[in-house]
Amino acid sequence: MVAREHEHEHEDHSELSVIAARVRALESVLIDKGYVDPGALDAIIETYQHEIGPRNGARVVARAWTDPDYLERLRTDATAAIAELGYGGRQGEHMVVVENTDHIHHVVVCTLCSCYPWPVLGLPPVWYKSPAYRSRVVIDPRAVLAEFRTELADDVQVRVWDSTAELRYLVIPQRPAGTDALTEDQLAALVTRNSMIGTEVLAPAGPAQTEPS
Amino acid sequence: MGFGPIAPATEQTELLFHAPWEARMLALTLAAGALGHWNIDRSRHARESLAPATYYGSSYYEIWRQGLESLLADAGLVTADELANGGTVGAPALTNRPALQAAQVAPMLAAGSPYTREPPAPARFAQGQRVRAINDHPTGHTRLPRYVRGRLGTIEAVRGCFVFPDTNAMGDPDPRWCYTVVFDATELWGGSADPCSTVSIDAFEPYLDPAA
C-alpha cells in the first residue's frame with residue numbers, strides 16, 4: 001500500500017504538506033547540486049518497499065525449525081548462515097540469533113535510536129522507533145508484551161536485548177504446535193514480523209494450517 | 001517514563017511509509033551518506049543532538065530530515081540559505097565520492113559496512129566475568145545508555161573488536177573490544193522489579209570496569 005501524494009495547486013497549510021514541501025526542497029537542492037541521483041533515490045525506495053522485508057527473516061526461522069544443522073550454523077555464525085539464504089548487508093553485518101524456549105523469551109530494542117536488522121526484517125515499524133517502546137520495554141517488558149496481547153508465565157525469563165552496538169538481533173520464535181506436516185514455505189508464512197522482534201509469540205496452528213496443501 | 005502506550009502494529013496493519021516524503025527522506029539520507037562526508041556514528045550524533053523538545057516533538061523521518069540538514073551544512077555541502085529557499089543554489093562543493101548511481105544501490109546495500117577491526121590488544125574481560133558499567137556522562141556521542149551506568153552485570157559474550165562509536169563520531173575509529181553484558185532487572189530498577197527478567201547491552205571495553 002502506498003499513500004497517494006496530493007498534487008493540488010491551492011495552498012494547503014497542513015503540517016503534513018509543510019514537511020513534504022521541506023523534503024521536496026531538500027531533494028531539489030541535492031539533485032541540483034549533483035550530490036544525489038534521482039534514479040538512485042528511486043532504487044533505494046523500491047528496495048525497501050518490495051525487496052527487503054520480514055519475509056526474509058521468516059525464511060531464516062523456517063529453515064532453523066526444519067534443519068538442525070542450519071540452526072547450529074546460525075548459532076555459530078548467524079551472519080554467514082543468514083547469507084546462505086541470500087540476505088545480508090547494511091544494518092545486518094553482525095547478526096546474532098536468540099531462540100525462544102519454554103523457559104526464556106527474548107525481545108529486542110534499540111533504546112538509543114532505532115537499530116534493527118534490516119536485511120532480515122526490512123525497515124522497523126513506527127512502534128519500535130517510538131520513545132514509548134524504547135523507554136518502556138527495558139523497564140517493564142511484560143507490560144509492553146501485554147500491549148501486544150502477549151502473555152508469558154511468571155517463571156519464563158524475559159531477556160531484553162538493547163542493540164547498543166552494531167550487533168543486530170533476530171529472535172527465533174518457538175515453532176507453533178501442530179505444524180509437523182507443513183512445508184518450509186508454509187512454516188515461513190506463519191512467522192510474523194513481531195515474533196522475530198520478540199513482542200509476539202506464534203499461536204498454535206489451527207486446523208486450516210495443519211494440512212499440507 | 002510518561003511516554004504512554006505503544007501503538008502495536010503488524011506487517012499487515014501499518015504502512016511502511018506514511019507519506020511519500022518519508023520514503024524520499026530515507027533515500028536522501030542513504031544517498032547523501034554515500035558521498036563519504038560522515039559515518040553512521042556521526043549521523044546518529046547529529047540526530048540525538050537535536051534539542052529534546054524538538055526530538056520528542058518530531059516524527060522519526062522528521063528527525064532524519066533535521067539531522068541530514070545539519071550534516072550537510074557542517075560538511076559545507078549546502079548553505080542555510082539554500083536549505084531555506086530551495087530554488088536557488090550555488091555551485092556544488094567537491095565531494096569525497098561521486099553521487100550514488102542507481103546501479104550501485106543494490107551492491108552498496110548488499111555489502112553493508114562491516115564494523116569489525118583488528119584488535120589493538122587482547123580482550124580485557126572474559127565470558128562470565130562480573131563487570132560494572134562506568135559512571136561517566138560524556139557530552140559527545142556514546143552508546144552507553146544512562147540506565148546501566150554504575151550497575152553490575154555479567155559478560156554474556158565477547159563479541160569481537162569493533163569501531164568505537166564514541167570516537168568514530170568525530171572521525172577516529174579507535175577499535176575496541178565489544179561485549180554483551182547482562183544485567184538483572186532488579187539491579188537496574190530496584191527490588192520491586194521483575195526477578196525473572198534481564199536486560200543486556202553491547203558494551204565497548206572503555207564502558208566497563210572489573211567488578212570491585
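These numbers were taken from a predicted model, which means no experiment stands behind them. (Residues numbered from 1 in each chain as written. Chains lettered and ligands numbered in written order. Predicted model: local features only at pLDDT ≥ 70, side-chain atom pairs only at ≥ 80, totals over all residues.)

**Section: the overall build of chain B**
Here's step 1: Looking only at helices and strands, chain B has 8 helices and 5 strands in total.
Here's step 2: Across chain B, helices and strands are ordered from the amino to the carboxyl terminus as α-α-α-α-α-α-β-β-α-β-α-β-β.
Here's step 3: Seen along its three principal axes, the alpha-carbon backbone of chain B occupies a region of about 60 × 45 × 35 Å.
Here's step 4: Counting all 212 residues of chain B, 35% fall into the buried class.
Here's step 5: Nonlocal contacts in chain B, meaning residues at least 24 apart in sequence, comprise 63% of its contacts between residues at least 6 apart. (Helix = DSSP H or I, 4+ residues; strand = E, 2+ residues; numbered from the N terminus. Buried ≥ 20, exposed ≤ 12 C-beta atoms within 10 Å, placed from the backbone. Contact = placed C-beta atoms within 7 Å.)

**Looking at the overall build of chain A**
Here's step 1: Counting secondary structure elements, chain A contains 12 helices and 4 strands.
Here's step 2: In terms of overall dimensions, chain A has a C-alpha envelope of 60 × 40 × 35 Å along the principal axes.
Here's step 3: In chain A, the share of contacts with a sequence separation of at least 24, taken over all contacts with a separation of at least 6, comes to 72%.

**Comments concerning the confidence of the model for chain B**
Here's step 1: Averaged over all residues, the pLDDT of chain B is 96; the fraction at 70 or higher stands at 99%.
Here's step 2: For this predicted complex, the interface confidence reaches an ipTM of 0.97, while the overall pTM sits at 0.94. (pLDDT = per-residue confidence, 0-100.)

**Remarks on the domain arrangement of chain B**
Residues and elements named next belong to chain B.
Here's step 1: Domain annotation of chain B identifies domain 1 (20-111) and domain 2 (130-210).
Here's step 2: Each of domain 1 and domain 2 has a C-alpha centre, and the two are 29 Å apart.
Here's step 3: When the residues that make up the side of domain 1 that touches domain 2 are grouped by side-chain class, the tally is no nonpolar, 2 polar and 3 charged. (Domains from an automatic or database assignment. Nonpolar A, V, L, I, M, F, W, Y, C, P; charged D, E, K, R; others polar.)

**Notes on the nonpolar core**
Here's step 1: One finds Val61(A), Val107(A), Val109(A), Val160(A), Leu170(A), Val181(B) and Ala203(B) to be the most contacted residues of the largest nonpolar core, which totals 74 residues.
Here's step 2: Top element by residues in this core is helix α3 (residues 54-66) of chain A. It accounts for 6 residues.
Here's step 3: In contact with Val181(B), not counting residues within four places along its chain, are Val131(B), Gly153(B), Thr154(B), Ile155(B), Glu156(B), Ser200(B), Ile201(B), Ala203(B) and Leu208(B).
Here's step 4: If you look at the next biggest cluster of nonpolar residues, it comprises 38 residues, including Ala40(A), Ala23(B), Leu30(B) and Leu71(B). (Core = buried A, V, L, I, M, F, W, Y, C linked by C-beta atoms within 7 Å.)

**Some thoughts on the environment of Ser163(A)**
Residues and elements named next belong to chain A.
Here's step 1: The residue Ser163 is located in the loop between β3 (157-162) and β4 (167-172) in this model.
Here's step 2: Taking the C-beta count within 10 Å as the criterion, Ser163 has 24 such neighbours and is therefore assigned buried.
Here's step 3: Spatially, the C-alpha atoms of Ser163 and Val109 are 6.1 Å apart, while their sequence positions differ by 54 residues.

**Observations regarding helix α6 (residues 102-111) of chain B**
Here's step 1: For α6(B), the full list of buried residues reads Val105(B), Met108(B) and Leu109(B). All buried residues of α6(B) fall inside an arc of 90° around its axis, so they share one side. Exposed and oriented more than 90 degrees from the buried face of α6(B) are Ala103(B), Pro107(B) and Ala111(B).
Here's step 2: Summarising the contacts, the buried residues of α6(B) are in contact with α2 (38-51) of chain A.
Here's step 3: Phi turns positive, to about 60°, at Gly112(B), one or two residues after α6(B). (Arc of directions from axis to C-beta.)

**Here's the deal with the sheet that holds β3(A)**
Here's step 1: Spatial strand order, β2(A)-β3(A)-β4(B)-β3(B)-β2(B)-β1(B)-β5(B): 7 strands in an open sheet with mixed pairing. Bordering the open sheet on either side are β2 (104-109) of chain A together with β5 (208-210) of chain B, each of which pairs with just one other strand. This sheet shows a mean twist of 35° between the axes of neighbouring strands, independent of strand direction.
Here's step 2: In this structure, strand β1 (residues 130-133) of chain B lies alongside strand β2 (residues 152-162) of chain B, joined through 3 bridges in antiparallel fashion. (Pairing = 2+ DSSP bridges. Axes fitted to C-alpha atoms, helices over the stretch in contact; angles between N-to-C directions.)

**Here we look at the domain arrangement of chain A**
Here's step 1: Domain parsing of chain A yields domain 1 (15-50) and domain 2 (53-210).
Here's step 2: Each of domain 1 of chain A and domain 2 of chain A was reduced to a C-alpha centroid, and the two centroids are 32 Å apart.

**Re the packing of helix α1 (residues 20-33) of chain B against helix α4 (residues 60-74) of chain B**
Residue and element names in this part refer to chain B.
Here's step 1: For the pair α1 and α4, interaxial distance at closest approach is 10 Å and the crossing angle is 30°. Considered as vectors, α1 and α4 are oriented roughly parallel to each other. The handedness of the crossing between α1 and α4 comes out as left-handed. Across the interface between the two elements, Glu22, Met25, Leu26, Leu28, Thr29 and Ala32 of α1 pack against Tyr61, Trp64, Arg65, Leu68 and Leu72 of α4.
Here's step 2: Within the contact of α1 with α4, the residues separate by chemical class into 8 nonpolar, 1 polar and 2 charged. (Parallel < 35°, antiparallel > 145°, perpendicular 65-115°, else oblique. Left-handed = near helix turned anticlockwise from the far one by under 90°.)

**Thoughts on the interface of chain A and chain B**
Here's step 1: Taken together, the contact between chain A and chain B spans 73 residues of the former and 71 residues of the latter.
Here's step 2: The set of elements that each furnish at least two residues to the side of chain A that touches chain B consists of α1 (15-32), α2, α7 (126-129), α8 (131-139), α9 (141-147), β3 and α11 (193-197) of chain A.
Here's step 3: Considering each element in turn, the side of chain A that touches chain B owes the most residues, 12 residues, to α1(A).
Here's step 4: Counted by class, the side of chain A that touches chain B contains 38 nonpolar, 17 polar and 18 charged residues.
Here's step 5: Across 5 bridges, the pairing between β3(A) and strand β4 (residues 197-204) of chain B is parallel. Note that in β4(B) the partner of Arg159(A) across the bridge is Thr198(B).

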